[in-house]
Amino acid sequence: DDLLASVFELCPAGLVLSRASDGRVIEVNPAMCTMLGYERAAVVGRTGVAIGFYADAADRDFLLRMVRREGEVRDFELRARCADGTPRILLVSMRPVRRASVEYLLTTALDVTERRQALETIAQSETMLRTLFAHLPHAMAHCRLVFDGERAIDVEFLQANPAFERSVGRTDVAGHRISEWVPDYADRHRGDLAIYESVVRSGGSERWETADPTRDLWYRTLAYSPAPGEFVLVGEDVTARKRQERSLQEGKAKLEAALDAMADAVYIVDTDGRLVDFNDAFATFHRFASKADCPRSADEYPAILEVFYPSGEPVPAHDRVVARALRGEHGSNVEFELRRRDTGERWIGCYTYAPLRDTTGRVVGSVASARDVTAVRRADAELERHRMHLEEIVRQRTAELELARAQAESSTRAKSAFLANMSHEIRTPLNAVL
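Residues numbered from 1 in each chain as written. Predicted model: local features only at pLDDT ≥ 70, side-chain atom pairs only at ≥ 80, totals over all residues. Heavy atoms only, no water.

Draft legend 1. Summary view of the overall build of the chain. For the chain, the helix and strand inventory stands at 12 helices and 16 strands. For a compact globule of 434 residues, the expected C-alpha radius of gyration is about 22 Å, and the chain comes in at 52 Å, more than 25% above that figure. Principal-axis analysis of the C-alpha atoms places the extent of the chain at approximately 205 × 65 × 50 Å. Relative to its 434 residues, the chain shows a buried fraction of 33%. Taking the contacts inside the chain whose residues are at least 6 apart along the sequence as the reference set, 41% of them involve residues at least 24 apart. Accessible surface, the chain as shown: approximately 27000 Å² in total, 55% of it carbon and sulfur. Mean positive and mean negative side-chain charge positions of the chain (59 and 68 charges, respectively) differ by 3 Å. (Helix = DSSP H or I, 4+ residues; strand = E, 2+ residues; numbered from the N terminus. Rg over C-alpha atoms; globule rule 2.2 N^0.38 Å. Buried < 20%, exposed > 50% of the residue type's maximum accessible area, 1.4 Å probe, protein only. Contact = heavy atoms within 4.5 Å. Areas by Shrake-Rupley, 256 points an atom, 1.4 Å probe, with all protein chains shown as cover. Lys, Arg positive; Asp, Glu negative; His and termini not counted. Charge placed at Lys NZ, Arg CZ, Asp CG, Glu CD.)

Here you go:
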């Protein structure tokens, strides 16, 4: 008895000895009291129903019926309540014992609340994963690599989602091998098998892209090993992205060709001041030997070039072409004089600029073109000098003609006066004769 009492006292599992006839507790061990937060005195002499041990009082009747029918109960999940009302899940076993013609029930209990919650969490996760697996837009298959000795020769599908089945045109993928559909798979696809073998042996992962030129399709594939000898394939159809990239590359090539064919310097700058693109004429305009010599940041150019207004005043950084365009301003035929700090060479640039905006209207960059109009402005100045010279010649000639005209008019008046005098002198003698 002392030995059994010690075992009862020290057992880490909860133990309760109750009378079978009325359910009153005869003894309870410390583990059970600690488990449910009851004091021993509050339990002994009372029934489990009375102390609120059962979350559902019908469970006690069920346990009693099971004991009478089966002789004992093993590992029954019972929903119980602690002294403070907190619900717990106990794994209960119950067996009748008889002593001195009195029948008792010995009940053992283990608190499996956390384990049950963990199992439920796992079950929920598995359900979620199965749902995700079924509805994932990417093709996904769990596979086993088949070896012939040390050589990988085939792939067996353990499970596959609908997207994968659609990608291969089959609905019965699980449980089959690729060789059933492609008899010479091991010879024709050694590269794929080598990747799968590397993943399985290393336990790591691999990513790669493959193309189907006959259908102009592209796929990006991930393979990783979740368990020895197994791997998971995740495939994504990236055809739309590849076609878009190809279209963008073709568009960029056309843009590059158009830019290179232009005589004007053309350049695109983003909001961080980086030159995104520019043509050969840009290098020529700024007196660089080639595009490779051009700095790729707009912030570097003030150290290389001085910029002046037509009045000769220096242009501050915030009023230069790129800064104006990034503020959302537009400009056309705006002229500045430029000077290379290293060589002292000067020239006149005529600029057109505008901001670049995204679909929301936000400024994301600037585009500008520039033309060297130095020769044109020199020719204009020469023409202006010629015009001024011609105007001076015309003024001089006009003055000479005006003087000649005045002199002619004076001579005419003198002649008229002379003739009038002569006529008078002649008529006077004649009058006397007559």
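Draft legend 2. Broad picture of helix α9 (residues 239-261). The end-to-end C-alpha distance of α9, which contains 23 residues, comes to 33 Å, matching closely the 33 Å that a straight helix rising 1.5 Å per residue would cover. Summarising the contacts, the buried residues of α9 are in contact with β8 (205-212), β9 (217-224), β10 (230-237), β11 (265-270) and β12 (275-278). (Expected span 1.5 Å × (residues − 1).)

Draft legend 3. Region of the structure containing the sheet that holds strand β13 (residues 305-308). Spatially, six strands are ordered β12-β11-β16-β15-β14-β13 in an open sheet, and the strand pairing comes out antiparallel. Of all strands in the sheet, those with a lone pairing partner are β12 and β13, marking the two edges. When strand polarity is set aside, the average angle formed by the axes of neighbouring strands in this sheet is 30°. (Pairing = 2+ DSSP bridges. Axes fitted to C-alpha atoms, helices over the stretch in contact; angles between N-to-C directions.)

Draft legend 4. How the structure looks around the environment of Glu 70. Residue position: Glu 70 is located in helix α4 (residues 58-70). For the pair Glu 70 and Arg 40, spaced 30 residues apart in sequence, the C-alpha separation works out to 30 Å. Polar contacts involving the side chain of Glu 70 include one to the side chain of Arg 69, which spans 3.4 Å. (Polar contact = N/O pair within 3.5 Å; in protein donor to acceptor, adjacent residues only side chain to side chain.)

Draft legend 5. A look at the layout of surface pockets. Counted as a void, the largest pocket has a volume near 1000 Å³. Along the wall of the largest pocket there are 29 residues; nearest its centre are Phe 164, Ser 167, Val 168, Thr 210 and Tyr 219. Elements with a minimum of two residues in the lining of the largest pocket: β7 (151-160), α6 (162-168), α8 (190-202), β8, β9 and β10. The biggest single contributor to the lining of the largest pocket is β10, with five residues. Of the residues in the lining of the largest pocket, the class split is 17 nonpolar, six polar and six charged. (1 Å grid on protein atoms, 1.4 Å probe; cavity = no way out; pocket = protein on both sides within 12 Å on 5 of 7 lines; lining within 4 Å. Points joined across faces, edges and corners; volume = space filled by probe spheres on them. Nonpolar A, V, L, I, M, F, W, Y, C, P; charged D, E, K, R; others polar.)

Draft legend 6. Focus on empty space enclosed by the protein. Within this structure, the stated rule accounts for one cavity of 30 Å³ or more. In this structure, the largest cavity occupies an estimated 310 Å³ of space. Residue lining of the largest cavity: 22 residues in total, with Val 16, Val 25, Gly 48, Phe 53 and Tyr 54 positioned closest to the centre. Put simply, the parts of the chain that give the lining of the largest cavity at least two residues each are β1 (14-19), β2 (25-28), α2 (30-36), α4, β4 (87-99) and β5 (102-111). Classifying every residue of the lining of the largest cavity by side-chain character gives 17 nonpolar, four polar and one charged.

Draft legend 7. Quick peek at the nonpolar core. By size, the foremost hydrophobic cluster in this structure holds 26 residues, and its most contacted members are Val 28, Met 32, Leu 36, Phe 53 and Leu 90. Counting 25 residues, the second largest nonpolar core, distinct from the first, contains Phe 288, Tyr 301, Val 307 and Ala 368. (Core = buried A, V, L, I, M, F, W, Y, C linked by side-chain atoms within 4.5 Å.)

Draft legend 8. Just the pattern of salt bridges, in detail. On inspection of all chains with the given rule, the structure shows 39 salt bridges. Where Arg 241 meets Glu 245, a salt bridge forms, and the shortest distance between an N and an O atom there is 2.7 Å. Taken together, the residues Arg 241 and Glu 245, both in helix α9 and four residues apart, mark about one turn of the helix. Salt bridges linked by common partners bring Glu 209, Arg 241, Lys 242 and Glu 245 together as one network. (Salt bridge = Lys/Arg side-chain N within 4 Å of Asp/Glu carboxyl O.)

Draft legend 9. Molecular detail of the pairing of β2. Note that β1 and β2 share three bridges and pair antiparallel. Following the sheet pairing, Leu 17 is matched in β2 by Glu 27. Following β1, the chain reverses through five residues before pairing antiparallel with β2; Gly 23 in that reversal takes a positive phi of roughly 80°.

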